[in-house]
Amino acid sequence: MKKRTLLERMASAPHLVWMVLFIVAPLLFVAYYAFTTPDGSFTFENIAALSNHAETFLFSVCMALISTVICLLIGYPLAYCISRASARAQKILIMLIMLPMWMNLLIRTYSMMAILDDGGFLNNLLMRLGFAPVHIVGTAGAVIFGMVYNFLPYMVLPIHSVISKLDWRLIEAANDLGCNNFRVLTRVILPLSVPGIISGLTMVFVPSISTFYISQKLGGGTFELIGDTIERQFQNPVTYHVGASISLVMMILILISLAIMNRFSDSETGGMIA
Amino acid sequence: MKQEKVIQLQNISKSFDGEKILNNINLYIRDKEFITLLGPSGCGKTTMLRLIAGFETPDEGTILFEGKPINDVPPYQRSVNTVFQKYALFPHLNVFENIAFGLRLKKLPEEQIRKQVKDMLALVNLKGFERRNVERLSGGQQQRVAIARALINHPKVLLLDEPLAALDLKLRKDMQVELKNMQKRTGITFIYVTHDQEEALSMSDTVMVIAEGEIQQIGTPTDIYNEPVNAFVADFIGESNILDGVMTADYKATFSGHTFDCVDSGFEKNEKVDIVVRPEDVDVVPCERGMLVGDVTGVTFKGVHYEIIVDIRGFKWMIQSTDYVAPGDHIGLSIDPDAIHVMKKSRFSNMFGDYSSFSDELEKLSDLSEEENE
Ligand SMILES: Nc1ncnc2c1ncn2[C@@H]1O[C@H](COP(=O)(O)OP(=O)(O)O)[C@@H](O)[C@H]1O
Ligand SMILES: [Mg+2]
């Protein structure tokens with residue numbers, strides 16, 4: 001390897017300092033707290049305490065999976081339709097999809113509450129029209145709705161970006177060989193958009209499993225997700241260390257699932273599978 | 001059966017952005033023939049193939065397949081397959097699955113698919129390539145996969161859009177022979193597009209020359225070469241000296257200040273015509289025996305023959321001769337009556353000059369820019 005000049009090393013120094021300070025150090029702190037007691041001695045107790053939260057954890061995984069699948073079911077057709085539109089329309093539609101992302105998650109969630117709450121906009125409207133009001137906020141459905149609403153763009157954008165870059169001649173070739181439009185979708189477009197789907201799935205699943213705000217607000221306090229648990233542990237200095245251990249385990253699980261996803265997408269684009 | 005018309009285009013016109021690309025095209029294609037659409041880049045060859053394949057719909061006119069109109073039949077229901085200009089192989093499928101694509105859609109049993117793909121791979125010389133990733137194949141191999149993928153469906157008609165354009169010269173020559181053999185063996189009608197006149201002449205049963213959105217001439221390669229209908233075809237196919245002439249009487253053509261015996265008749269007296277003389281049909285003779293006399297201005301050795309530029313009354317002729325003459329020599333030229341081809345004047349007359357600015361380098365440059373336009 002070529003030796004780097006002093007200048008080059010100095011140029012990359014701020015970058016390095018930044019990474020150590022804001023990425024590596026916090027992670028080390030998390031690990032440190034996870035394996036220590038409040039007085040600083042080494043322990044496995046915090047890890048052992050995880051079993052108390054197993055149920056919450058499983059529930060969170062289920063909720064995250066459900067909302068990820070719903071995001072895929074809504075997001076894929078949406079992305080596909082957008083990519084069929086004219087270049088101008090595509091730009092506008094993508095803007096619309098991204099627009100909510102520029103707003104703070106808290107604000108979006110509060111406005112969702114204002115709309116869906118028992119005395120909120122939707123129920124007012126329903127009652128005016130003579131329908132019975134529906135109880136939404138405080139149900140599991142509301143939490144999932146909140147996640148889907150908030151994270152859908154992360155599904156649509158990567159899928160759209162893959163589909164819109166597809167070589168249209170492949171579609172013509174498939175047509176030529178006997179595919180009607182539906183089969184073109186299943187035999188060519190879908191398999192070729194797998195990388196987009198994979199990155200969409202991870203980009204939705206990861207924030208879904210660690211969210212705490214959405215469940216607190218739209219769940220009306222009736223549901224606890226693992227994110228809420230972590231938040232609660234960190235608010236109390238006594239349970240601080242348990243919070244760290246849950247975080248650590250979550251992080252490791254997420255990293256493992258990312259690795260599996262990546263392996264999967266690599267072998268997929270590598271060219272087997274009919 | 002040999003004469004059955006598989007495909008007919010009737011009064012086909014097509015415009016893009018208000019510009020007429022194809023203008024009132026009429027043609028029929030016979031079953032089992034190898035027909036080549038030949039023309040300069042941008043003349044509408046690809047568009048014509050896309051109309052037949054169903055990727056474009058004509059603005060006017062009817063496309064018939066075995067006598068039935070197919071204007072409204074979508075591409076996937078036409079018994080026509082295409083070998084695309086840039087192959088368009090499926091990157092997510094290996095060689096085997098690319099070739100099997102059409103059969104899988106027909107839901108054939110697995111062992112039949114296996115057998116047919118195997119036969120196809122043998123036909124295109126790709127035995128043992130089943131599991132290969134198509135993106136890691138060479139251009140020639142991708143080309144073969146594309147041909148196999150189309151042929152395996154046993155289409156009535158195979159459309160090939162400049163399939164050899166991306167290959168190097170040697171491979172191109174080999175593939176020309178292979179394609180021709182495949183066509184004979186399978187008995188499938190080939191509609192072949194190229195802008196390479198040599199390729200067209202050597203492979204086809206029928207050549208169709210297109211320019212400016214119109215068919216200029218349809219005929220066998222020898223007809224097209226020996227009897228071009230106008231100056232465009234004469235210039236586009238092979239080398240030719242195209243001169244202004246006058247038919248002073250039947251079988252008498254006057255050009256370059258000399259009246260020649262020729263084999264053409266039926267023109268009006270003193271009708272102005274275009275005369276084509278192929279370079280290889282001119283004989284170099286001593287001055288006193290020459291019908292025409294001129295000065296040699298350039299000589300290029302071409303292997304089999306010399307390419308000689310001769311100035312005759314200010315018009316630079318190109319002639320080919322196996323005998324060497326030196327630049328500056330004063331020589332005579334002799335032309336047999338059947339080497340003189342007389343054409344009616346057309347809008348292409350006078351568009352093609354003599355060989356005064358001719359050089360191989362220029363020709364290569366224009367070839368390059370043609371490729372870039374693709
Ligand atoms: N889809 C299209 N939209 C607009 N113009 C087109 C389209 N397809 C072809 N053309 C134009 O039509 C002309 C003929 O194109 P093409 O049929 O591809 O020519 P060739 O294959 O003979 O080189 C070109 O000038 C090209 O720019
Ligand atoms: Mg073309």
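Because the structure is predicted, anything quoted here is derived from the model rather than measured.

J.: Is there a simple way to think about the overall build of chain B in this case?
T.: In terms of regular secondary structure, chain B is built from nine helices and 20 strands. Principal axes of the C-alpha set define a box for chain B whose edges measure 80 × 45 × 40 Å. When the 374 residues of chain B are sorted by exposure, 52% land in the buried category. Within chain B, counting contacts between residues at least 6 apart in sequence, those at least 24 apart form 66% of the total. Accessible surface, chain B as shown: approximately 17200 Å² in total, 49% of it carbon and sulfur.

J.: Just to check I follow, could you spell out the overall build of chain A for this structure?
T.: Scanning chain A for helices and strands turns up 13 helices and zero strands. Seen through its C-alpha atoms, chain A measures out along the principal axes to roughly 75 × 70 × 35 Å. Here the contacts in chain A between residues at least 6 apart in sequence split such that 69% fall between residues at least 24 apart. As displayed, chain A has an accessible area near 15700 Å², and 72% of this comes from carbon and sulfur atoms. Measuring between centres, the 16 positive side-chain charges of chain A sit 14 Å from its 14 negative side-chain charges.

J.: Even after reading the chapter, I still don't get the site of ligand 1, so can you show me in this structure?
T.: All names here are of chain B. Taken together, Phe16, Asp17, Ile21, Pro40, Ser41, Gly42, Cys43, Gly44, Lys45, Thr46 and Thr47 are the residues near ligand 1. Between an oxygen atom of ligand 1 and a main-chain N or O atom of Lys45, the distance comes to 2.8 Å. Within the side chain of Thr46, an N or O atom sits 2.5 Å from an oxygen atom of ligand 1. Within the complex, the protein chains bury 62% of what would otherwise be the 560 Å² of accessible surface of ligand 1. If you tally residues by element for the shell around ligand 1, the top one is helix 1 (residues 45-53), at three residues. Class assignment of the residues belonging to the shell around ligand 1 gives a composition of four nonpolar, five polar and two charged.

J.: Got a minute to help me understand the pairing of strand 14 (residues 271-277) of chain B in this structure?
T.: Walk down a regular strand and you will see the side chains alternate between the two sheet faces. All names here are of chain B. Extensive coverage of strand 14 is indicated by the burial of six of its seven residues. Bridge count for strand 11 (residues 241-249) against strand 14 is seven bridges, and the pairing is antiparallel. Bridging from a neighbouring strand, Ile242 pairs with Val276 of strand 14. Pairing of strand 14 with strand 20 (residues 340-344) involves five bridges; the strand directions are antiparallel.

J.: Sorry if this is basic, but what is going on with the sheet that holds strand 19 (residues 330-335) of chain B here?
T.: Adjacent strands of a sheet pair through backbone hydrogen bonds, lying either parallel or antiparallel. All names here are of chain B. The strand order across the open sheet formed by five strands is 15-19-16-17-18, and the pairing between neighbours is antiparallel. The strands lining the two open edges of the sheet, one partner per strand, are strand 15 (282-285) and strand 18 (315-321). Each strand axis lies, on average, 45° off the axis of its neighbour in the sheet, ignoring direction. When strand 16 (residues 292-301) meets strand 19, the two strands line up antiparallel, connected through four bridges. The partner of Asp295 across the bridge, within strand 19, is His330.

J.: Got a minute to help me understand the nonpolar core in this structure?
T.: Generally speaking, nonpolar side chains in soluble globular proteins are found buried as a group. If you look at the biggest cluster of nonpolar residues, it comprises 76 residues, and the most contacted ones within it are A:Ile189, B:Ile7, B:Leu9, B:Met48, B:Phe90, B:Phe101 and B:Ile191. Here the element with the most residues in this core is helix 7 (residues 140-164) of chain A; it accounts for 11 residues. Those residues in contact with B:Ile7 that sit more than four places away from it in its chain are B:Leu27, B:Tyr28, B:Ile29, B:Ile52, B:Leu64, B:Phe65, B:Val157 and B:Ile191.

J.: So what exactly am I meant to see when it comes to the interface of chain A and chain B here?
T.: How big an interface is tends to be stated in terms of accessible area lost as the parts join. Contact residues are listed per partner, giving 22 residues for chain A and 28 residues for chain B. A buried area of about 2200 Å², summed over both sides, lies between chain A and chain B, and 61% of it is on carbon and sulfur atoms. On the chain A side of the interface with chain B, the three residues burying the most area are A:Asp176, A:Leu177 and A:Arg187, jointly 30% of the side's total. Where chain A meets chain B, there are one salt bridge.

J.: What am I meant to see in helix 9 (residues 181-192) of chain A here?
T.: Residues lying three or four places apart along an α-helix face the same way, a consequence of the helix completing one turn every 3.6 residues. Over its 12 residues, helix 9 of chain A runs 15 Å from end to end, which matches the ideal 16 Å to within 8%, given 1.5 Å per residue. Of the residues making up helix 9 of chain A, those classed as buried are A:Val184, A:Leu185, A:Val188, A:Ile189 and A:Leu192. The arc enclosing the buried residues of helix 9 of chain A, seen along the axis, measures out at 130°, which places them on a common side. Against the buried residues of helix 9 of chain A lie helix 3 (54-84), helix 7, helix 8 (168-176) and helix 10 (194-210) of chain A together with helix 2 (95-105) of chain B.

J.: Whenever I open this one, the environment of B:Ile335 confuses me. Can you help?
T.: All names here are of chain B. Residue placement: Ile335 occurs in strand 19. By relative accessible area, Ile335 is classed as buried at 2%. For the pair Ile335 and Arg30, spaced 305 residues apart in sequence, the C-alpha to C-alpha distance is 38 Å. Discounting chain neighbours no more than four positions away, the residues touching Ile335 are Phe260, Val277, Asp281, Val282, Met291, Leu292, Trp317 and Ile340.

J.: Hey, could you run me through the domain arrangement of chain B in this one?
T.: Residue and element names in this part refer to chain B. Along its sequence, chain B is organised into domain 1 (5-226) and domain 2 (242-373). One C-alpha centre belongs to domain 1, the other to domain 2; they are set 37 Å apart. In total, domain 1 and domain 2 occlude about 730 Å² of area from one another, counting both sides; carbon and sulfur atoms represent 38% of this. Looking only at domain 1, the three residues that lose the most surface to domain 2 are Ser41, Glu212 and Tyr225, adding up to 54% of its buried area.

Procedures and definitions
- Residues numbered from 1 in each chain as written.
- Chains lettered and ligands numbered in written order.
- Predicted model: local features only at pLDDT ≥ 70, side-chain atom pairs only at ≥ 80, totals over all residues.
- Heavy atoms only, no water.
- Helix = DSSP H or I, 4+ residues; strand = E, 2+ residues; numbered from the N terminus.
- Buried < 20%, exposed > 50% of the residue type's maximum accessible area, 1.4 Å probe, protein only.
- Contact = heavy atoms within 4.5 Å.
- Areas by Shrake-Rupley, 256 points an atom, 1.4 Å probe, with all protein chains shown as cover.
- Lys, Arg positive; Asp, Glu negative; His and termini not counted.
- Charge placed at Lys NZ, Arg CZ, Asp CG, Glu CD.
- Near = heavy atom within 4 Å.
- Polar contact = N/O pair within 3.5 Å; in protein donor to acceptor, adjacent residues only side chain to side chain.
- Nonpolar A, V, L, I, M, F, W, Y, C, P; charged D, E, K, R; others polar.
- Pairing = 2+ DSSP bridges.
- Axes fitted to C-alpha atoms, helices over the stretch in contact; angles between N-to-C directions.
- Core = buried A, V, L, I, M, F, W, Y, C linked by side-chain atoms within 4.5 Å.
- Buried area = accessible area lost by both parts, 1.4 Å probe.
- Salt bridge = Lys/Arg side-chain N within 4 Å of Asp/Glu carboxyl O.
- Expected span 1.5 Å × (residues − 1).
- Arc of directions from axis to C-beta.
- Domains from an automatic or database assignment.

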